[in-house]
Amino acid sequence: MMGGRSSSPRRRLTERLLLAPYSLWAVVFIVVPLAFIAYYALTDNNFSFTLENITRFFTATSTITAENGQSQEVRTYLLIFARSLKLAVISTVVCLLIGYPMAYIISRAGPRAQKTMITLIMIPMWMNFLIRTYAWMTILQDTGILNGFLGLLRLPGLHIIGTESAVVVGMVYDYLPYMIMPIYSVMAKMDLRLEEASHDLVCNRLQTLWRVILPLSMPGVISGVTMVLIPSISTFYISQKLGNGRFFLIGDAIEGQYVANNLHFAAAIALIMMIALLAAMALMKHFTDRAFQGGE
Amino acid sequence: MAEQLILLENIHKDYGGKQVLKNINLYIRDKEFITLLGPSGCGKTTTLRIIGGFETPSAGVVYFDGKKINDLPPYKRQANTVFQRYALFPHLNVFENIAFGLRIAKKPKALIEERVGEMLRMVNLTGYERASVARLSGGEQQRVAIARALINHPRVLLLDEPLSALDLKLRKEMQRELKAIQQQVGITFVFVTHDQEEALTMSDTVVVMNKGSIQQIGTPTDIYNEPKNAFVADFIGESNILDGMMIEDRVVRFSGHTFDCVDGGFGSHEKVDVVVRPEDVDIVPEDSDKAMLLGDVTSVTFMGVHYEIIVDINGFKWMIQTTDFVPEGAHIGLFIEPDAIHIMKRSEYSGLYGDYSLDVDPQAISLGGEEEE
Amino acid sequence: MKRSSRIYTILIFVFLFAPIAILLVFSFNEAKSLSVFSGFSLKWYQELFRDSDTLRSVQNTLVLALSASLISTVMGTAAAVGIHRLRSKYARAALDTVTNIPMINPDIITGISLMLMFVFIGSRLGMAASLSFWTMLIAHVTFCLPYVILQVLPKLQQMDPSLPEAAMDLGCTPTQAFFRATLPEIMPGVITGLIMAFTLSLDDFVISYFTAGNGFQTLPIRIYGMTKKTVTPKMYALATIIFFTILLLLLLSNFADRDDEKQKRKK
């Protein structure tokens, strides 16, 4: 019944009345603010045009001292950006490796067990991420639970807090549910008979996984990866708490400039990050589109 | 029955550049049962929705009782609709669904109870008041939809393929019941269907539509016996449609033979379409004097009351319905009475329908889908 | 379930719940230590309930979440109805894109972008403080709207379009038809949207952080402030209360779901 819509003037008026508040809201509070990022990024404190904020991102340097005492001159923000990217990619891969089997196990459980497990996965997600991160801080501290536990087993203590590993643990913990949920929802809809059919054919379990389940669950994997990668690239706080502030990430850089009231430079970092993310997503879309076409 | 209740004048309707109705002219008399009949996408539902007020015509005028109602919204029209999938309100029970119109009109409680009771009796659903509509069978939902539409005492009931979701047996039952309800309430019914048999059995007037235009308006008998063009002839019942030429009034030539007929008024040697219904052909021995055409039987199908046989005459496959058994491969003669030959002017549909050489009924293809415009 | 799957599942759930369990346990610790449990005590809870700043932030959070979710649900539902009726492909694509922006964009970008605009306008208007409850409310409505639309739109698409028509046919004006036929049909989506908006608003820290005024502190911002200083188990007590509130809400909604399914099965 597609044609079941009349196009009388009266109808068009209602349509406009219904959409007007939202459209106005979306333009004023979604589109215009994004323009403000660009505006601030490309102006100085007197709001006259400048590229200084952008060049500062690429050229600012600082000296860091490595553990062996050697000093080194580095491009501050490029280093921070590279580090954010590295930790985000590692966290995403770890989330995928841990989350994928979990999603598969849940999707193959009975309907009641599925529901219970999904609820359980979601509970930590509903706790504020500050609290979750904070909990890990108490666990991973040198005098924390983990080392207390290891001590009981007469094992040597681990120094984790303040390392990149701690930051990765925090990110994985915070974002794992965002990886499991989309993959699970795709797998739950998958036809079990496909799996059985492929078992009937020559495929063994591993081949079934590789040839049938993995390609079919790709849409879930893609949205899971996006949902973990984007917040973990842009996060602040996690590295401040678990990295002892030693591993500044791009989100921390933005927050730092905000706190220091350097709004124009904060906007410049945000703009660059946004462009980088858009480019990354476009690339990902390009490759997955190609992969899907190739698969058919 | 003479009073003209609804008049559609030069109605056009476009959807984003696509013409779905082209110059529709139609009047509907008070208290008649009129059916809009045609294949999927012919514009019948759009026409009904224009009468109901759910669509505004792109051009043309809709009159109701002599007044122009083009811009009158549905809730101000004296017409109510039975929708294709009934559109019962799932959050209300049977009683509240039927009472809906009266509740909107803020009628007193006592009156509502009385009228709903009346309606439930009419559609044989007394006792179902508190039932959830989702739990009713298709036929029961149908009855609730009819009761809900009739409770406001409309002057016209619009029915959009209301029987298409029911199985054959229930459908026949509902056909009879609908006709009885129409006579009982004594109002106009405008019925939309793609089922020609349904249209012929129920209606006072049938409007055959195709590709957004009216092909023919008439009583079921007119439509069947005097189709206006090859489309109508093919769409209504079975028919052998042949290329012919008028020799003079009451004489036509087709299939290599010259026949007497009863039609006239065509030009001399004008090309025409000739329709011969399968049940109007008599089989005679091939050497009989009465044999006008000779042919070979290529297939015989037993249909219960009659046999349906396909006869090859000079390469054109005819369908003939007969109660006499004829074996496959037999060489037979055919006899056609003058009044069994119906002559039609040539139209855009001439030559489109071919013969019966296909096993598949061409109508079955065109009627496959549900109405979707 | 196979044994290996079972072990794997248990390990994942230990990973997910161990930190929470530790918070719970140490919220009852007598001492301030975070690794040694020295004795059961409720003193951190008592301290929490004496902390008027925290209590006020809870109240603020609820007021904000309630207003933001109600506004975004009403506006989002109207928008969904409008989008659903929209026939121009281009207008629809444009609206879809704009709607997706706050969901795809990192929170920090959404927060920064709104903050910059508020600060700019505030300074042009010569206001002493550009950020307040109202800027936060705007920010929260903005990021909740897409989720409401996303919940309501599919319900409209699943609905039989004849339902509102049937209501109009029976005498309803278009407005009456919406409230009497359309709204009851899409209600599950509207409610899910409302709940999502409410919880998103409750939970949000990043966007709030950038758009909050000095005078208006929400619970997440308060927690952020608390964790900046030295650790006290008072925060654990707070986390414990939040955890059980969430658990209760989830259980309740699960029961509601189950009832709903039972009714459906009866049909």
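Calculation notes
Residues numbered from 1 in each chain as written. Chains lettered and ligands numbered in written order. Predicted model: local features only at pLDDT ≥ 70, side-chain atom pairs only at ≥ 80, totals over all residues. Helix = DSSP H or I, 4+ residues; strand = E, 2+ residues; numbered from the N terminus. Contact = placed C-beta atoms within 7 Å. Buried ≥ 20, exposed ≤ 12 C-beta atoms within 10 Å, placed from the backbone. Pairing = 2+ DSSP bridges. Axes fitted to C-alpha atoms, helices over the stretch in contact; angles between N-to-C directions. Nonpolar A, V, L, I, M, F, W, Y, C, P; charged D, E, K, R; others polar. Core = buried A, V, L, I, M, F, W, Y, C linked by C-beta atoms within 7 Å. Domains from an automatic or database assignment. Parallel < 35°, antiparallel > 145°, perpendicular 65-115°, else oblique. Left-handed = near helix turned anticlockwise from the far one by under 90°.

### Comments concerning the overall build of chain B
Of the regular secondary structure elements, chain B holds nine helices and 20 strands. Residue pairs in contact within chain B that sit at least 24 positions apart in sequence constitute 67% of those at least 6 positions apart.

### Considering the overall build of chain A
Counting its regular elements, chain A contains twelve helices and two strands. Listed N to C, the secondary structure of chain A is α-α-β-β-α-α-α-α-α-α-α-α-α-α in terms of helices and strands. The buried share among the 296 residues of chain A stands at 40%.

### Re the sheet that holds strand β18 (residues 316–322) of chain B
All names here are of chain B. The five strands lie next to each other as β15-β19-β16-β17-β18, forming an open sheet whose pairing is antiparallel. In the strand order of this sheet, the two ends are held by β15 (281–284) and β18, each with one partner. Looking at each pair of strands side by side, their axes are set apart by 45° on average, direction ignored. When strand β16 (residues 293–302) meets strand β19 (residues 331–336), the two strands line up antiparallel, connected through four bridges. Among the inter-strand pairings, Leu-293 is bridged to a residue of β19, identified as Leu-334.

### A word on the interface of chain C and chain A
Accessible area lost when the parts come together is the quantity often used to give the size of an interface. On the chain A side, the residues contacting the 55 residues of chain C number 58 residues. Those elements that provide at least two residues to the side of chain C that touches chain A are α1 (3–27), α3 (52–85), α4 (89–104), α5 (107–124), α6 (133–158), α8 (174–203), α10 (219–228) and α11 (234–266) of chain C. Broken down by element, the side of chain C that touches chain A gets its largest block of residues, ten residues, from α1 of chain C. Of the residues belonging to the side of chain C that touches chain A, the class tally is 43 nonpolar, nine polar and three charged.

### A few points about the nonpolar core
In terms of nonpolar packing, the biggest core is built from 144 residues, with Ile-37, Ala-267, Ile-269 and Ala-270 of chain A together with Ile-112 and Leu-116 of chain C touching the most fellow members. Of the residues forming this core, the biggest block, 16 residues, is contributed by helix α7 (residues 164–189) of chain A. Each of domain 1 (32–60 + 252–267) and domain 2 (84–247) of chain A accounts for three or more of the residues forming this core. What Ala-267 of chain A contacts, discounting residues up to four positions off in sequence, is Ile-37, Tyr-40 and Ala-41 of chain A together with Ile-112 and Leu-116 of chain C. Of all hydrophobic cores here, the second largest spans 104 residues; its members include Val-144, Met-246 and Leu-293 of chain B together with Ala-166 of chain C.

### Description of the domain arrangement of chain B
The domain boundaries assigned to chain B delineate domain 1 (4–225) and domain 2 (239–366). Inter-centroid distance (C-alpha atoms) of domain 1 of chain B to domain 2 of chain B is 38 Å.

### Quick look at the sheet that holds strand β9 (residues 205–210) of chain B
Sheets are built from strands paired through backbone hydrogen bonds, the pairs being either parallel or antiparallel. All names here are of chain B. The six strands are arranged β6-β7-β8-β3-β9-β10 in an open sheet whose pairing can be described as mixed. Two strands bound the open sheet, and with one partner strand each, they are β6 (79–82) and β10 (213–218). Adjacent strand axes in the sheet meet at a mean angle of 20° when their direction is disregarded. Two elements, β6 and strand β7 (residues 156–160), share four bridges in a ladder whose sense is parallel. Each residue of the ladder has a partner; that of Thr-81, found in β7, is Leu-158. Together, β6 and β7 form the strand contacts of helix α4 (residues 138–150), whose direction differs from that of β6 by roughly 170°.

### Observations regarding the interface of chain B and chain C
With 22 residues of chain B at the contact, the number on the chain C side is 16 residues. Among the secondary structure elements, those contributing two or more residues to the side of chain B that touches chain C are β6 and α2 (94–104) of chain B. No other element matches the three residues that α2 of chain B contributes to the side of chain B that touches chain C.

### Things to note about unusual backbone geometry
Residue and element names in this part refer to chain B. Non-glycine residue Asn-23 carries a positive phi angle of around 50°. Counting through the fold element by element, Asn-23 comes out in strand β2 (residues 18–29). Overall, Asn-23 belongs to the partly exposed group, with 14 C-beta atoms counted inside 10 Å. Within the chain, Tyr-86 stands out as a residue other than glycine whose phi angle is a positive 70°. Mapped onto the elements, Tyr-86 comes out in the loop between β6 and α2.

### As for the packing of α3 of chain C against α6 of chain C
Residue and element names in this part refer to chain C. Contact pair α3 / α6: the axes reach a minimum separation of 6 Å and the direction vectors enclose 45°. On the basis of the axis angle, α3 is oblique to α6. Every pair of crossing elements has a handedness; the one defined by α3 and α6 is right-handed. Considered class by class, the residues forming the contact of α3 with α6 number 18 nonpolar, nine polar and no charged.

### Description of the domain arrangement of chain A
Segmenting chain A into domains produces domain 1 (32–60 + 252–267) and domain 2 (84–247). For domain 1 of chain A and domain 2 of chain A, the distance between their C-alpha centroids amounts to 34 Å.

### A closer look at the packing of α2 of chain B against helix α3 (residues 109–122) of chain B
All names here are of chain B. With their axes 10 Å apart at the nearest point, α2 and α3 run at an angle of 130° to one another. By the angle between their directions, the pair α2 and α3 is classed as oblique. Our pair here, α2 against α3, has a crossing hand that is right-handed. On α3, the residues touching Phe-95, Ile-98, Ala-99, Leu-102 and Arg-103 of α2 are Ile-112, Arg-115, Val-116 and Met-119. Its residues placed into classes, the contact of α2 with α3 shows seven nonpolar, no polar and two charged.

### Observations concerning the pairing of strand β8 (residues 188–193) of chain B
The two faces of a sheet get side chains in turn, since along a regular strand they alternate between them. Residues and elements named next belong to chain B. Counted residue by residue, β8 has six buried out of six residues, so it is predominantly covered. Both faces of β8 are covered, namely the face carrying Thr-188, Val-190 and Val-192 and the face carrying Phe-189, Phe-191 and Thr-193. With five bridges connecting them, strand β3 (residues 33–37) and β8 associate as parallel partners. Looking across to β8, one finds that Ile-34 is bridged to Val-190.

### Here we look at the environment of Ile-30 of chain A
Residues and elements named next belong to chain A. Counting through the fold element by element, Ile-30 comes out in helix α1 (residues 9–41). Using a count of 22 C-beta atoms within 10 Å as the deciding quantity, one classes Ile-30 as buried. Between the C-alpha atoms of Ile-30 and Ser-232, which are 202 residues apart in sequence, the distance is 22 Å.

### Quick look at the environment of Thr-99 of chain C
Residues and elements named next belong to chain C. If you trace the backbone, Thr-99 turns up in helix α4. Thr-99 gets classed as buried once you count the C-beta atoms within 10 Å, which come to 22. Here the alpha-carbon distance between Thr-99 and Tyr-147, two residues 48 residues apart in the chain, equals 8.9 Å. Sequence-distant contacts of Thr-99, that is, excluding residues within four places in its chain, are made with Pro-146 and Ile-149.

### As for the pairing of strand β4 (residues 59–64) of chain B
Residue and element names in this part refer to chain B. The pairing of strand β1 (residues 4–15) with β4 spans five bridges and is classified as antiparallel. In the sheet register, Glu-9 faces β4, and the bridge partner there is Val-61. Hairpin remark: β4 followed by strand β5 (residues 67–68), antiparallel, with two residues in the connecting loop; positive phi at Asp-65, about 55°.

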